[in-house]
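Notes for the structure review
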Amino acid sequence: MKQHLTQNNAIKLVALVIAASLILSVTLSTSAFAEVKKDEKKDAKKDSKKDPMQEKLATCKAKKTQREQYECEKALKASSGNAEFKAKATKKLIGPIAFYYAGATVEKVGSQHIVNLKFLVENTDPKKNITLFCTGPAVCNYDVSDGKTTYKYASQDFTNGQIVLKPGASRIFNMLFGPAIGYGSYVDFKFDPKKQYMFNVREPWGSGSIPLNLK
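Residues numbered from 1 in each chain as written. Predicted model: local features only at pLDDT ≥ 70, side-chain atom pairs only at ≥ 80, totals over all residues. Heavy atoms only, no water.

1. Topic: the sheet that holds strand E5 (residues 130-136)
- Pairing in this open sheet of three strands is antiparallel, and the strands run E6-E5-E10 from one edge to the other. Two strands lie at the open edges of the sheet, namely strand E6 (139-140) and strand E10 (162-165), each paired on one side alone.
- The sheet contact formed by E5 and E10 spans four bridges and is antiparallel. Bridge pairing in E10 links Leu132 to Ile163. (Pairing = 2+ DSSP bridges. Helix = DSSP H or I, 4+ residues; strand = E, 2+ residues; numbered from the N terminus.)

Okay, here's the thing in structure tokens:
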């Protein structure tokens, strides 16, 4: 009798173990299926959010001629680079032109100090083209001063001595100060960390100074 009860109990225990295993298996399968569906939804959501830059590049590639495609992609990349520059720069509004400056470091080559200043300029006037003039060291509406000495540029990248900005347009330009080159530039740039250097703007449309905080 006892042996019969023991066998029944053993059978019941095995049945319980099998039932528990089946329940656990079904639960795990259901959970795994739910996770798969969840991942699929995430992937579908990611796919639905297309990269704006890729969409714009696709628009450029849809242009009829290679020149149009090139000009479109060039403008798109410039716009992207300008946005990155603005994010790390300080803005100074002089007249209708916004100057963005991200700082500069002075290098010493032999006994000569050299600093390359980079600015992003943007026309905020909604109607007028604005022109920045700098045709040569002697005739340039931009220079650097330390409060006592004024320095003229050694080189710059103004196209034909001017930068023309249409309403809302922007462009990055470089102006290097270092050795005097004559033609209006007769003083070598000298850096003194104790002094504050200013980039001076003197245009018909506006005048002002931008602290350079050189290092």
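2. Re the state of the cysteines
- If you walk through the whole model with that rule in mind, you get one disulfide.
- Bridging Cys134 to Cys140, the disulfide has an S-S length of 2.0 Å. Handedness of the Cys134-Cys140 disulfide follows from its S-S torsion of about -105°: it is left-handed. Each member of the pair, Cys134 as well as Cys140, carries the same accessibility label: buried. (Disulfide = S-S within 2.5 Å. Buried < 20%, exposed > 50% of the residue type's maximum accessible area, 1.4 Å probe, protein only.)

3. Considerations on the pattern of salt bridges
- Within this structure, the stated rule accounts for five salt bridges.
- Notably, a salt bridge pairs Asp146 with Lys195, separated by 3.4 Å at the nearest N-O pair. In this pair, Asp146 is assigned in the loop between strand E7 (142-145) and strand E8 (150-151) and Lys195 in the loop between strand E11 (170-177) and strand E12 (198-203), connecting sequence segments 49 residues apart.
- For Asp146, a relative accessible area of 11% corresponds to the buried category.
- A salt bridge links Arg171 to Asp157; its shortest N-O distance comes to 3.8 Å. (Salt bridge = Lys/Arg side-chain N within 4 Å of Asp/Glu carboxyl O.)

4. Considering the sheet that holds E7
- Taken in spatial order, the four strands of this open sheet run E8-E7-E12-E13, and their pairing is antiparallel. Single-partner strands in this sheet number two, and they are E8 and strand E13 (206-211).
- Judged from the six bridges that link them, E12 and E13 form a sheet pairing that is antiparallel. The partner of Val201 across the bridge, within E13, is Gly208.

5. What about the pairing of E7?
- The alternating pattern of E7 places Tyr142 and Val144 and Asp143 and Ser145 on opposite faces, both of which are buried.
- Two strands pair when backbone bridges link them, and E7 and E12 are joined in this way by four bridges, in the antiparallel orientation. By the bridge assignment, Ser145 is partnered in E12 with Met198.
- In sequence, E7 turns back onto E8 through a hairpin of four residues, with Gly147 there showing a positive phi of about 95°.

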